[in-house]
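# Descriptive analysis of the structure
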Amino acid sequence: MEFLKRYRYFLIFGFLLISYYFCLPPKLFHDSYSTVLEDRDGKLLGATIADDGQWRFPEGNPIPEKFKAAIILFEDKRFNQHRGVDLRSLARATQQNWNAGKIVSGGSTITMQVIRLTRSNKSRTFFEKFIEIVLATRLELRSSKDEILSLYAAHAPFGGNVVGIESACWRYFGRDAAELSWSEAALLAVLPNNPSLIHPGKNRAKLKQKRDRLLQRMMEAGNFDQLTLELSVSEDIPENPIALPRTASHLLMLAIKDGLVQTRIRSSLLTSMQERTNQIIADHHQSLKGNQVFNAAALVMEVKTGRVLAYTGNAQAGRDHDDQVDIIQSKRSTGSILKPFLFAAMLDEGKILPRTLQPDIPTLISGFSPRNFSKQFDGAVAADQALIRSLNIPAVHELRDYRYEKFYELLKGVGISTLTQAPDHYGLSLILGGAEGTLWDITGVYASMARTLQSYFDAPGKNRYDKSDFHPPFYLMTDSVARNNPEESSWLSAGSLYLTMNVLKELYRPGEETGWQHFNSTKKIAWKTGTSHGLRDGWAVGVNGDYAVGVWVGNADGEGRPGLTGTESAAPILFDIFSQLPGNTWFQEPAQELVEIQICTRSGMRANEWCMEIEAMKVTKAGLQSTPCRYHQPVHLSLDGMYRVHSDCESINTMKTVSWFVLPPVQEYYYKTKNLSYRILPPLRSDCANPASVATMDLVYPRPQARIFIPIELDGQTGSTLFEATHRQSHATIYWHLDGAYIGSTTGSHRMAIAPVPGMHMITLIDEAGTILEQGFTVFARK
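Along each chain, numbering runs from 1 in the same order as the chain's sequence is written. Whole-chain, interface and lining totals are the exception, using all residues; otherwise, since this is a predicted model, local features are given only for residues with pLDDT of at least 70 and side-chain atom pairs are given and counted only at 80 or more. The basis for every side-chain value is the complete set of heavy atoms in the structure, and neither hydrogens nor water enter the calculation.

Helical segments are the DSSP runs of H or I of at least four residues, strand segments are the runs of E of at least two, and each set is numbered from the N terminus. Each helix and strand counted, the protein chain has 22 helices and 26 strands in total. Burial analysis of the protein chain (783 residues in total) assigns 53% to the buried set. Any two residues whose heavy atoms approach within 4.5 Å are treated as being in contact. Sequence separation of at least 24 residues holds for 66% of the intrachain contacts in the protein chain that already meet a minimum separation of 6. Carbon and sulfur atoms form 52% of the exposed surface of the protein chain, whose accessible area is close to 36,200 Å². Under the scheme applied here, a residue whose accessible area is under 20% of the maximum for its type counts as buried, over 50% as exposed, and between as partly exposed, the area being computed with a 1.4 Å probe on protein chains only. The method behind every accessible area is Shrake-Rupley, applied with a 1.4 Å probe, and residues are considered shielded solely by the protein chains displayed.

Let's shift gears to the packing of aromatic side chains. Classification of ring pairs rests on two measures: the distance between centres of Phe, Tyr or Trp rings, Trp counted by its six-membered ring, which must be within 6.5 Å, and the angle between planes, read as stacked under 30 degrees, edge-to-face over 60 and tilted in between. Per the stated rule, a full pass over the model turns up 19 aromatic pairs. Measuring from ring centre to ring centre gives 5.2 Å for F341 and Y446, while their planes differ by 55°; the resulting arrangement is tilted. Highlighted residues: F341 in helix α13 (residues 339-348) and Y446 in helix α18 (residues 439-455), separated in sequence by 105 residues. Given the relative accessible area of 1%, Y446 is considered buried. Seen from their ring centres, F377 and Y670 are 5.1 Å apart, and the 55° between their planes marks the pair as tilted. Within this pair, whereas F377 is found in the loop between β9 (357-360) and β10 (379-382), its partner Y670 is found in helix α22 (residues 665-674), the two being separated by 293 residues in sequence.

Criterion for a disulfide: a pair of cysteine sulfur atoms at a distance within 2.5 Å. A full pass over the atoms with the stated rule returns one disulfide. Covalent S-S linkage joins C649 and C688, the inter-sulfur distance amounting to 1.7 Å. Here the S-S torsion is close to 95°, and the disulfide linking C649 with C688 is therefore right-handed. Note that C649 is positioned in the loop between β17 (632-638) and β18 (655-661) and C688 in the loop between α22 and β19 (697-701), a separation of 39 residues in sequence. The two residues C649 and C688 agree in class, both being buried.

Let's shift gears to the confidence of the model for the protein chain. A residue's pLDDT is simply how confident the predictor is in it, with values from 0 to 100. Of all residues in the protein chain, 89% attain a pLDDT of 70 or more, and the chain-wide mean is 87. Segment residues 510-519: pLDDT under 50, and 13 contacts once partners within four positions in sequence are set aside and those in other chains are kept.

On to the sheet that holds strand β7 (residues 308-312), then. Pairing within the open sheet is antiparallel, and its five strands lie in the order β7-β6-β14-β13-β12. The open sheet has two free edges, formed respectively by β7 and β12 (526-531), since each of these has just one partner strand. Here the average twist between neighbouring strands, direction ignored, is 10°. Two strands are counted as paired when DSSP detects at least two bridges linking them. Across seven bridges, strand β13 (residues 537-543) lies against strand β14 (residues 547-554) in antiparallel orientation. For G542, the partnering residue across the bridge sits in β14 and is V549. Contacts between helix α21 (residues 566-579) and the sheet are confined to β6 (295-302), β12, β13 and β14, with β13 contributing the most and set at about 35° to the helix. Here an axis means a line fitted to C-alpha atoms, over the contact stretch when the element is a helix, while the angle between two N-to-C directions is reported on a 0 to 180 degree scale.

If you check which residues of helix α11 (residues 249-257) are buried, you get S249, H250, L251, L252, L254 and A255. The elements touched by buried residues of α11 are β1 (36-38), β2 (44-47), β5 (264-266) and β7. Looking one or two residues beyond α11, the residue adopting positive phi is G259, at roughly 95°.

Turning to the packing of helix α12 (residues 271-288) against α21, a few remarks are in order. At a minimum axis distance of 10 Å, the contact between α12 and α21 shows a crossing angle of 150°. When the axes of α12 and α21 are compared, the pair comes out roughly antiparallel. The way α12 lies across α21 gives a crossing that is right-handed. In this structure, α12 contributes M273, T277, I280, I281, H284 and L288 to the contact, and α21 contributes S569, P572, I573, D576 and I577. Under the scheme applied here, ten amino acids are nonpolar (Ala, Val, Leu, Ile, Met, Phe, Trp, Tyr, Cys and Pro), four are charged (Asp, Glu, Lys and Arg), and all others, including Gly, are polar. Taken together, the residues that form the contact of α12 with α21 break down as seven nonpolar, three polar and one charged. With respect to orientation, any angle under 35 degrees is reported as roughly parallel, any angle over 145 as roughly antiparallel, any angle of 65 to 115 as roughly perpendicular, and every other angle as oblique. Left-handed is the label given to a crossing in which the near helix is rotated counterclockwise from the far helix by less than a right angle, and right-handed is the label when the rotation is clockwise.

Nonpolar side chains in soluble globular proteins tend to be buried together. Residues belong to a common nonpolar core when they are buried Ala, Val, Leu, Ile, Met, Phe, Trp, Tyr or Cys residues joined through side-chain atoms within 4.5 Å. Within the largest apolar cluster, 80 residues are counted, with the highest numbers of intra-cluster contacts made by Y311, F407, L430 and M501. Here this core takes nine residues from α18, the largest share from any one element. When neighbours within four sequence positions are excluded, F407 is seen to be in contact with L338, F341, L342, L399, Y402, L430 and I431. Membership of the second largest hydrophobic core comes to 52 residues, among which are F29, I110, Y172 and L187.

Turning next to unusual backbone geometry. Geometrically, the link from Y701 to P702 is a cis peptide bond, its omega value of 0° lying close to zero. Phi angles above zero are rare outside glycine, and Q262 is one such case at about 60°. Despite not being glycine, R403 has its phi angle at roughly 85°, a positive value. Along the polypeptide, R403 turns up in the loop between α15 (392-402) and α16 (404-414). On the basis of relative accessibility, which here comes to 43%, the residue R403 falls in the partly exposed class.

Moving on, we come to the sheet that holds β2. One open sheet holds the three strands; their spatial order is β2-β1-β5, and the pairing between them is mixed. Looking at which strands have only one partner, the edges of the open sheet turn out to be β2 and β5. The sheet shows a mean angle of 20° between the axes of neighbouring strands, direction not considered. Pairing geometry for β1 and β2, over three bridges, is antiparallel. Note on β2: the bridge partner recorded for E38 is L44.

Before going further, it helps to spend a moment on a positive patch on the surface. To count toward a patch, a residue needs a relative accessible area above 30% and no salt bridge. Like charges then connect within 9 Å, nonpolar side chains (Val, Leu, Ile, Met, Phe, Trp, Tyr) within 5 Å. Throughout this description, the term salt bridge denotes a Lys or Arg side-chain nitrogen within 4 Å of a carboxyl oxygen of Asp or Glu. Just so you know, the count uses Lys and Arg for positive and Asp and Glu for negative, and it drops His and the chain ends. Charge positions are represented by NZ for Lys, CZ for Arg, CG for Asp and CD for Glu. Together, K77, R88, R92 and R217 make up a region of like positive charge exposed at the surface. Topologically, R217 is positioned in helix α9 (residues 204-220).

Spelled out as structure tokens, the structure:
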């Protein structure tokens, strides 16, 4: 007890000192904030209102010097000299309050006003003033003058539901705080003094008087000259609040969804590119909506960094047409947009060369019957032409050779995140839009392909690849991926990617207007379009060495429309966006990844000894192991060249051997109608049996082991289906048999209407030379 009595004053002082030290909470304000989206240079792209209904931007941006000068002169002219309390101002306020008989002046410094804002503007009493004084002095010890001023500027009320100088600048003047004029800075300085009584929406005359008085004082204080004063006082007071920018509203919503709520988001977007992309989408939307197509989206990326430059999630079509839907993140049927990935993968493994002929014939594989968009068949078509023409049937044959299970894993590896089912769920339809994808993923993969090709030259030696080059797009400036795991290979080789890009830069696409050729002279772009089943989705994606652009056009509700195709609807937008992008960088050839070989001009395969026309082509190293030409083969003819013969019916000395380009019968059936130079094989001489090596006839429909659904007619009888065959001899007669029973014959044109009962059947064809073709099929009756 003696100790406590002796040191009680020291203990009391210590207690008060400790209380004073901890009297100020670590975080002064617990308000909710707007979520603010900025471009890479800090320009405002959009913002949401805070949870409490206020426009209140997060703290952090520097205070404009003009506002700083105005607010200090108006509110606290000795702000930079005192330590939180201005005794002279307090004395003046006390005298004024005594004379008035009520509180008419608080004598508060800016620091004290910050404390008052943290205490939710409690009633003005002497005790409350004492608390403000204590806390203000503590805040001065903890924070710098600039920090205190920043707290005030971020939380001061500016009338209505506007809090903080940043939101006030945008709501009243429509621009950034850094661009304030002296007149605007003075106006904002006087607003917090009594925001509920005077603000731009009311009492505008009084507000102008207060502003002009402050401007006069600022001129007298030497902040500017007389001419500036005259110009400043002539500026009008703003009327109604201005809407904040909504330049990238869908990206703002994505950022909130990603957990960046109530923060200041520094995105990778460029305001100029974003605005141009928005305008291009808006311009095309005007014509698209005439066809009842209301939605469109575009994504622009840097190839090197993967950062997004423009993010237009939808056209401004109104809520009735779902313009709030972010199409870039929406799952949509991919159509043909994935075909370049398969083409590159096939090249990478040497399964095809760029111009290897692929079947383009009626096809039925395990009940799956793909169709080309044109509903026509070319018989056989070069792989590169099939890609740029976006033919479906050749792509299905390629995928069957590559295996859809492998392709599924490749797509997941390179960045397609929407494959949520097992590979068997998609099957061969995976290449034709049987799976869903997002514009975000797909554009990102195209950019990753270009990035892998560009990065190939960044590292010397054999470890030139890094699978991290395949990564999704980034929309934050802080996001990046480091290449720190060099490897000898990646998902796709630089050689296969280079060959694919060269194919895709072909501007001419059958059915397109010649206007594209003019664009080809100014920009090199590897581009691909896609159209989903039912004309519901139009895709266009393009890349060069610098940029990747993805475009989607359609209706968010999935309604299809005539003419809604990638080439007609999305590609024009793609080219318009690329025309706004600087530079024209194309890809460097990865010479170490390619080898030059001799190929057969007609088949596109490695040349064999019978190929008549040969040319040089660069292919991937795996292409050295590709199959030699199987279409050019030796044919033995009679000396007059009129008939085919062989050693069983003609002496070797009286026959000649020539090279002949021979397609399988069904491919030949369609190929010869599109290629007038194609020569069919001469007929066998009548005394020569057909050699087994040359197929004479084939069934066009049905294909082997087909499953045929035949409807039941209105009278209850089973309907019929049209079978079709082809024969190398144009006037040959074919005799048709169903399950061993003769059903008729055809000459020249070989079509037969057949009405088989449900069950398994065997169709047998016999020609005049005795050649037999048998094929099984199954019939199902559809009720």
